[in-house]
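# Architecture at a glance
This is what each chain is made of:
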Amino acid sequence: MELNNLVCTTTVEEITSSGNVMKKTVHRDASFSLARNEFNDVILLLNIGKKELRYTLRDLKIHKKFVRDGKATIILPGPHVQFMLSNCPPDRLIMFLKTMHTKLECLKKKGFISERQKLKSELPRIIQEISPLTMKDLQTVHEMRAKKMEKSDLFTPKGKKKRKEMDSDDKENMVPRQAKIARKLLVPAGPSKLVLAPVSLNKEQNEVLSAVMQGKNVFFTGSAGTGKSFLLRRIIGALPPQHTAATASTGIAACHIGGTTLHSFAGIGSGRAPLEQCIELASRPQVTQQWKRCHHLIIDEISMVDGDFFDKLENVARVIRQNDRPFGGIQLIICGDFLQLPPVSKGKEKKKFCFQSKAWQKAIEINMELKEVRRQSDKHFINVLQNIRLGRCPDFVYNTLRATALNNIQKHDILATRLCTHKEDVDHINQFHLNKLAGEPRFFISTDTDPAYEKQIDFLSPVPGKLELRLGAQVMLVKNLDVQQGLVSGARGVVVGFDKGNEGILTWIIGITQINPQGMTLDCVEISLSRVFECGQSYVALSRAKSLEGLRVLDFDQRCVRADPEVLHFYYKLHMHQKMQNTDMMDIAKQY
Ligand SMILES: Nc1ncnc2c1ncn2[C@@H]1O[C@H](COP(=O)(O)OP(=O)(O)OP(=O)(O)O)[C@@H](O)[C@H]1O
Ligand SMILES: [Mg+2]
């Protein structure tokens, strides 16, 4: 019963006919599945401990407001019982509820076999796994719903009246009527509103998912746009939410997978303090609880996580969880591309990649690679990007990228996102556009802790001491405020007003783009690369573009193409020593 099997925590409540709870039991490892008997009845099976309970479905209600958090309530009015489900893998829960509801609706349409007929029947008794949903099932339910809506609209007294009014050629009444129907169609009532993820994983993504579901500590890598974050979202949907920490090295990347930053999950500040101090920080009750509850730690954009920080995390996890296994026994699901942005360097210290840490050697069991690029479809462009990724710039790459300088990529008044490598360039461009706005300028002056250090603060902080804004100005957050709400560093908005009572508070409309574009896909992008200073920086910027037509490189030069030799060596070793589980080894090793 693998397909329809749903393992979760459930509270079973037996209800009296007057609606009072008669009996209530909680089961941590309950397992639900769906089956059919010889009469084609839909049967809900509930396994708790060694007991199996069977419910033949006739009618049901589902509350699924928190389905994305892995929670739902199933009410069976017949046997007067309700199940409160929690900690379900969200994607599985959605699929399970959808299957149960759809199969039951299809059966209702066909009609139930009466108890009398069943008694007379000589069919052999069977109970078998329910078949997966088919297009026909979905179509049937869709038609039933449409009919129901039509009926309720035509035969309610109100509906009849409106019809009359329409017949009498009253155009004014026709408009709201049509609008009402259209709205109803868009927002159908009942459980059928559940939306299923329509896209499927490709073969290599499925292989990673299956390694993860086997409980392995997996690192999966791949070029930009091979669907690493896409796959992570599916992995998150397949794991129990209460025990899964979805994190990423940056706020914007965390936002893409609906998670939080690795730093905020870890609760050890910057992680630069001595280990004892980090452990002390992690011993705060709330942080400890997070570490203890976590069974699966997901990290996206691992290339930007510092190796020393990773070692500290591993140590803290073991101490807090009082478990000597790597990361205190937490399953690691890590992804990223080390040929993209490296960790932020710590002054003069040499930067340390995560794969150079002791914790990495200890913890990672399986390395896998996604090779099919999904962001771009043009083979020539993909080839150009692969060369840039490896730090190569043969003539055809040079010529192709130089030629993009002539592209006109501004379409339908939508400004291309401009990616810059340096803050001064950003300031200059922003001031130019700000001056073009008609409204009165408004200034916001910072309060610095020590005015004597104003210059240093200006240098270290991304926020100017004096901020100028006008109505209609494009603004961007430079600090994570609330990752869950999308208020992350790089979230973009437009100033739509200044709150009168509260000087200095901005009203936001959230759009999304970013300062650090790693992880993003952009339709139209304009790039200046002449001042690139980091390995992988050009590759990250260029690989955001979906197509060559939507890309404009203002000043392409071979010198901006660089790949870190240590990363190349790491990938080369992975392939040569056949550590990559799903690659054609020699073929790939030749690349590095
Ligand atoms: N199996 C799939 N089916 C359909 N679309 C997919 C699939 N996998 C990935 N994509 C699409 O490909 C694009 C790139 O995916 P994604 O952003 O996850 O790549 P990535 O490997 O994380 O890239 P980066 O390294 O830049 O972060 C997205 O638009 C995503 O929706
Ligand atoms: Mg990504």
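Per chain, the residues get numbers from 1 upward, laid out in the order the sequence is written. Chains and ligands are labelled by the order in which they are written, letters from A for the one and numbers from 1 for the other. In keeping with the model being predicted, local features are shown solely for residues with a pLDDT of at least 70 and side-chain atom pairs are shown and tallied solely at 80 or more, while totals for entire chains, interfaces and linings include all residues.

### Things to note about the overall build of the chain
Runs of E in the DSSP output that reach at least two residues are strands. Runs of H or I that reach at least four are helices, and both are numbered from the N terminus. Regarding its fold elements, the chain presents 20 helices and 22 strands. Two residues form a contact once the distance between their C-beta atoms, set from the backbone, is within 7 Å. For the chain, long-range pairs separated by at least 24 residues make up 67% of all intrachain contacts whose partners lie at least 6 apart in sequence.

### As for the site of ligand 1
Taken together, 17 residues form the shell around ligand 1, and within it G227, K228, S229, F230 and R374 come nearest. A per-element tally of the shell around ligand 1 places helix 7 (residues 228–237) first, with 3 residues. Of the residues contributing to the shell around ligand 1, the split by class is 4 nonpolar, 9 polar and 4 charged. Should the C-beta atom of a residue, placed from the backbone, lie within 6 Å of a molecule or strand, that residue is near it. We call Asp, Glu, Lys and Arg charged. Ala, Val, Leu, Ile, Met, Phe, Trp, Tyr, Cys and Pro are nonpolar, and the rest, Gly among them, are polar.

### Comments concerning the sheet that holds strand 13 (residues 331–335)
Sheet strands pair by backbone hydrogen bonding; their relative direction is either parallel or antiparallel. The pairing criterion is simple: DSSP has to find at least two bridges between the two strands. Here 6 strands make up an open sheet; going across it, the order is 11-10-12-13-9-14 and the pairing parallel. Both outer strands of the open sheet, strand 11 (260–261) and strand 14 (366–370), are each paired with one neighbouring strand and no more. Pairing analysis gives 5 bridges linking strand 10 (residues 244–248) to strand 12 (residues 296–300), with the strands arranged parallel. What sits directly across from T244, in strand 12, is H296. To obtain an axis, a line is fitted to C-alpha atoms, over the contacting stretch when the element is a helix, and the angle between two such axes runs from 0 to 180 degrees between their N-to-C directions. Its contacts with the sheet place helix 6 (residues 203–213) against strand 9 (218–222), strand 13 and strand 14, and it is angled at close to 160° to strand 14. Packed on one face of the sheet, helix 7 meets strand 9, strand 10, strand 12, strand 13 and strand 14 and runs near 160° to strand 12.

### Thoughts on unusual backbone geometry
Here N87, not a glycine, exhibits a phi torsion of approximately 60°, which is positive. Within the secondary structure, N87 sits in the loop between strand 7 (81–86) and helix 1 (90–110). The partly exposed category is assigned to N87, around which 19 C-beta atoms lie within 10 Å. Located in the positive-phi region is E301, a residue other than glycine, with phi close to 55°. Following the sequence through the fold, E301 ends up in the loop between strand 12 and helix 12 (307–321). Note on burial: count the other C-beta atoms lying within 10 Å of the residue's C-beta; 20 or more is buried, 12 or fewer is exposed, in between is partly exposed, and C-beta positions come from the backbone.

### Focus: the pairing of strand 9
When you tally the buried positions in strand 9, you get 5 out of 5 residues, the bulk of the element. Pairing of strand 9 with strand 13 involves 3 bridges; the strand directions are parallel. Looking across to strand 13, one finds that F220 is bridged to C335. Sheet topology places strand 9 next to strand 14; 5 bridges connect them, and they run parallel. In the strand pairing of strand 14, F219 is matched with N367.

### Observations regarding the packing of helix 11 (residues 285–293) against helix 12
Contact pair helix 11 / helix 12: the axes reach a minimum separation of 10 Å and the direction vectors enclose 95°. In terms of axis orientation, helix 11 runs roughly perpendicular to helix 12. In this structure, helix 11 uses T288, W291 and K292 to contact helix 12, whose residues at the interface are A317, I320 and R321. Its residues assigned to classes, the contact of helix 11 with helix 12 comprises 3 nonpolar, 1 polar and 2 charged. Note on terminology: angles under 35 degrees are roughly parallel, angles over 145 are roughly antiparallel, angles of 65 to 115 are roughly perpendicular, and the others are oblique.

### A closer look at the UniProt feature "domain: PIF1/LRR1 pleckstrin homology" (unreviewed entry) in the chain
UniProt positions are given in the numbering used here, feature names are shortened, and annotations may be inferred rather than shown by experiment. The residues that UniProt annotates with the feature "domain: PIF1/LRR1 pleckstrin homology" (unreviewed entry) are residues 6–105. Here residues 6–105 runs as 16% helix and 54% strand, with 21 Å between its end C-alpha atoms.

### Quick look at the domain arrangement of the chain
How far each domain reaches was decided by an automatic or database domain assignment. Segmenting the chain into domains produces domain 1 (5–112), domain 2 (204–370) and domain 3 (379–561). Taking the mean C-alpha position of each, domain 1 and domain 2 sit 35 Å from one another. Between domain 1 and domain 2, the residue contacts involve 8 residues of the former and 7 residues of the latter. When grouped by side-chain class, the residues that make up the side of domain 1 that touches domain 2 number 3 nonpolar, 2 polar and 3 charged.

### Here we look at the nonpolar core
Think of a nonpolar core as buried Ala, Val, Leu, Ile, Met, Phe, Trp, Tyr and Cys residues, each tied to the set through C-beta atoms within 7 Å. Within the largest apolar cluster, 82 residues are counted, with the highest numbers of intra-cluster contacts made by I235, L297, I298, I299 and V305. Sorting elements by how many residues they give to this core places helix 12 first, with 5 residues. Here this core gathers at least three residues from each of two domains, domain 2 (204–370) and domain 3 (379–561). Every residue in contact with V305, bar those within four places of it in the chain, is listed here: S249, L262, I299, F310, P343 and C354. Among the nonpolar cores identified, the runner-up in size contains 22 residues, and C8, A30, V42 and F96 belong to it.

### Focus: the pairing of strand 12
Moving residue by residue along a regular strand, the side chains alternate between the two faces of the sheet. Taken across its 5 residues, strand 12 has 4 buried, putting it largely inside the fold. Pairing of strand 12 with strand 13 involves 4 bridges; the strand directions are parallel. Counterpart to L297 in the pairing with strand 13 is L332. Each parallel crossover has a hand, and the one from strand 12 via helix 12 to strand 13 is right-handed. Crossover handedness is defined here as right-handed if the route from the first strand over the helix to the second strand goes clockwise, with the strands pointing away from the viewer.

### Quick look at the environment of L297
Along the polypeptide, L297 turns up in strand 12. Judged by C-beta crowding, with 24 C-beta atoms within 10 Å, L297 ranks as buried. Sequence-wise, L297 and F265 are 32 residues apart; in three dimensions their C-alpha atoms are separated by 9.8 Å.

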